[in-house]
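A closer look at the structure
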Amino acid sequence: MKKTLLTAQALSDRAIKGLSEIKGRDIVRMDLRKAGGSFTDFFVICTGTSDRHVQALADSVSKFMQEIGEKPVCLEGYQAGQWILLDYGNIVVHIFQQEIRNFYRLEDFWGDAEFERLGDAA
């Protein structure tokens, strides 16, 4: 499959679409481009309700990205299903169970980022 070149914003839109397809909760896009020392342009953060839901959310994001020839540079946490990280270089997708998201509070850690709170998937 030929890789489609998209901006980081457009890649994050695709990840959000994948999360929305599987009813992701509390979806947030964080624009880190103006945040000092950031290693990526966007974080996309989402909550799943169980191990299986978190895994299904990750599978959906992977499917939407594979359709345009994108593969993650790194995939972490899939087997446990508590917190899955999909690193696509310009964007990093974090899919948490609620307790883990509350513990790590990435939104607080990157407080100087611009936030777009998208809420629960319709």
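Our subject is the structure listed above.
Just so we're clear, the structure is a prediction, and the values are computed from it rather than from any experiment.

Okay, the pairing of strand S4 (residues 83-87) next. Counting buried positions along S4 gives four out of five residues, so the element sits mostly inside the fold. With three bridges joining them, strand S3 (residues 74-76) and S4 adopt antiparallel strand pairing. Considered in S4, the bridge of Leu75 is made with Leu86. What sits between S3 and S4 in their antiparallel hairpin is a turn of six residues, with Gly77 showing a positive phi close to 85 degrees. As judged from the five bridges shared by S4 and strand S5 (residues 91-97), these two strands associate in the antiparallel manner. Looking at the pairing, Asp87 lines up with Val92 of S5. Linking two consecutive strands that pair antiparallel, namely S4 and S5, is a turn of three residues; a positive phi of about 85 degrees is found at Gly89 within it.

Topologically, Gln82 is positioned in the loop between S3 and S4. In sequence terms Gln82 and Asp26 are 56 residues apart; their C-alpha atoms lie 16 Å from each other. Setting aside its immediate chain neighbours within four residues, Gln82 contacts Asp51, Gly77, Ile95, Phe96, Gln97 and Ile100.

Interaxial distance between helix H1 (residues 8-21) and helix H2 (residues 51-66) falls to 8 Å at its minimum, and their mutual angle equals 135 degrees. Looking at the two axes, H1 sits oblique to H2. The two elements H1 and H2 cross, and the hand of that crossing is right-handed. Here Leu11, Arg14, Ala15, Lys17, Gly18, Leu19 and Glu21 of H1 come into contact with H2, specifically with Leu57, Ser60, Val61, Phe64 and Met65.

Moving on: the pattern of salt bridges. Under the counting rule described, the total for this entry stands at eight salt bridges. A salt bridge links Asp13 to Arg29, with the shortest nitrogen-to-oxygen separation between them at 2.5 Å. Taken together, the residues Asp13 in helix H1 and Arg29 in strand S1 (residues 25-31) connect sequence positions 16 residues apart. Given the relative accessible area of 38%, Asp13 is considered partly exposed. Measuring nitrogen to oxygen at the nearest pair gives 2.8 Å for the salt bridge that ties Glu67 to Arg14. On the criterion of sequence distance, the pair formed by Glu67 in the loop between H2 and S3 and Arg14 in helix H1 is long-range, its members being 53 residues apart. Glu67 gets classed as partly exposed once you look at its relative accessible area, which sits at 42%. Members of the salt-bridge network, linked through shared partners, are Asp13, Arg29 and Glu116.

All right, on to H1 then. With 14 residues, H1 should cover 20 Å at 1.5 Å per step; its first-to-last C-alpha distance of 20 Å lies within 8% of that length. Those residues of H1 that sit buried are Ala8, Leu11, Ser12, Arg14, Ala15, Ile16, Gly18 and Leu19. Its buried side turned inward, H1 meets S1, strand S2 (42-48), H2, S5 and strand S6 (114-119). Lys23 lies just past H1 and shows a positive phi near 65 degrees.

Scoring rules and cut-offs
Residues numbered from 1 in each chain as written. Predicted model: local features only at pLDDT ≥ 70, side-chain atom pairs only at ≥ 80, totals over all residues. Heavy atoms only, no water. Buried < 20%, exposed > 50% of the residue type's maximum accessible area, 1.4 Å probe, protein only. Helix = DSSP H or I, 4+ residues; strand = E, 2+ residues; numbered from the N terminus. Pairing = 2+ DSSP bridges. Contact = heavy atoms within 4.5 Å. Axes fitted to C-alpha atoms, helices over the stretch in contact; angles between N-to-C directions. Parallel < 35°, antiparallel > 145°, perpendicular 65-115°, else oblique. Left-handed = near helix turned anticlockwise from the far one by under 90°. Salt bridge = Lys/Arg side-chain N within 4 Å of Asp/Glu carboxyl O. Expected span 1.5 Å × (residues − 1).

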